[in-house]
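# Structural overview for review
Here's the letter readout for the chains.
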Amino acid sequence: MSNIVDRVRQRRLINRQNRAIDRAWMTAPTQSMRDEIAIFAQRRHF
């Protein structure tokens, strides 16, 4: 049972992080900052 709860919590956390990354990417003032955010987002998935 706790395994299901852990999976739901993990998915919720990932969704929250993805929204935060999207928001940061949208509001980044320069292209280089967007590139760095994209690199960070890719690295996070491993």
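Details of the structure are given in the entry above.
A brief report on the enclosed structure follows. Please read all numbers here as calculations on a predicted model, not as lab measurements. (Residues numbered from 1 in each chain as written. Predicted model: local features only at pLDDT ≥ 70, side-chain atom pairs only at ≥ 80, totals over all residues. Heavy atoms only, no water.)

### Side note on the overall build of the protein
Of the regular secondary structure elements, the protein holds two helices and zero strands. For the C-alpha atoms alone, the extent of the protein along its principal axes is close to 45 × 20 × 5 Å. Going through the 46 residues of the protein one by one, you find that 9% of them count as buried. Carbon and sulfur atoms make up 57% of the accessible area of the protein, which amounts to about 4400 Å² in all. Positive and negative side-chain charges of the protein, numbering 10 and 4 respectively, have mean locations separated by a distance of 10 Å. (Helix = DSSP H or I, 4+ residues; strand = E, 2+ residues; numbered from the N terminus. Buried < 20%, exposed > 50% of the residue type's maximum accessible area, 1.4 Å probe, protein only. Areas by Shrake-Rupley, 256 points an atom, 1.4 Å probe, with all protein chains shown as cover. Lys, Arg positive; Asp, Glu negative; His and termini not counted. Charge placed at Lys NZ, Arg CZ, Asp CG, Glu CD.)

### Description of the packing of aromatic side chains
This structure, assessed with the given rule, holds zero aromatic pairs. Over the ring of W25 we find R34; its NZ or CZ atom is 4.8 Å from the centre of that ring. (Phe/Tyr/Trp six-rings, centres within 6.5 Å; stacked < 30°, edge-to-face > 60°. Lys NZ or Arg CZ within 6 Å of the ring centre and 35° of its normal.)

### Brief notes about a nonpolar patch on the surface
A grouping of M1, I4, V5 and V8 is seen on the molecular surface, where their side chains present a nonpolar patch of about 390 Å² in accessible area. Inspection of the secondary structure assignment puts V5 in helix α1 (residues 2-27). (Patch = residues over 30% accessible without salt bridge, like charges linked within 9 Å, V, L, I, M, F, W, Y side chains within 5 Å. Salt bridge = Lys/Arg side-chain N within 4 Å of Asp/Glu carboxyl O.)

### A closer look at the pattern of salt bridges
Inspection of every chain in the model, using the stated rule, returns one salt bridge. Here D6 and R9 are joined by a salt bridge, their closest N and O atoms 4.0 Å apart. With D6 and R9 both in helix α1 and three residues apart, this pair spans about one turn of that helix. Taking relative accessible area as the criterion, R9 reaches 55% and is therefore assigned exposed.

### Here we look at a positive patch on the surface
There is a patch of like positive charges on the surface, built from R7, R11, R12, R16, R19 and R23. Within the secondary structure, R16 is located in helix α1. Given the relative accessible area of 48%, R16 is considered partly exposed.

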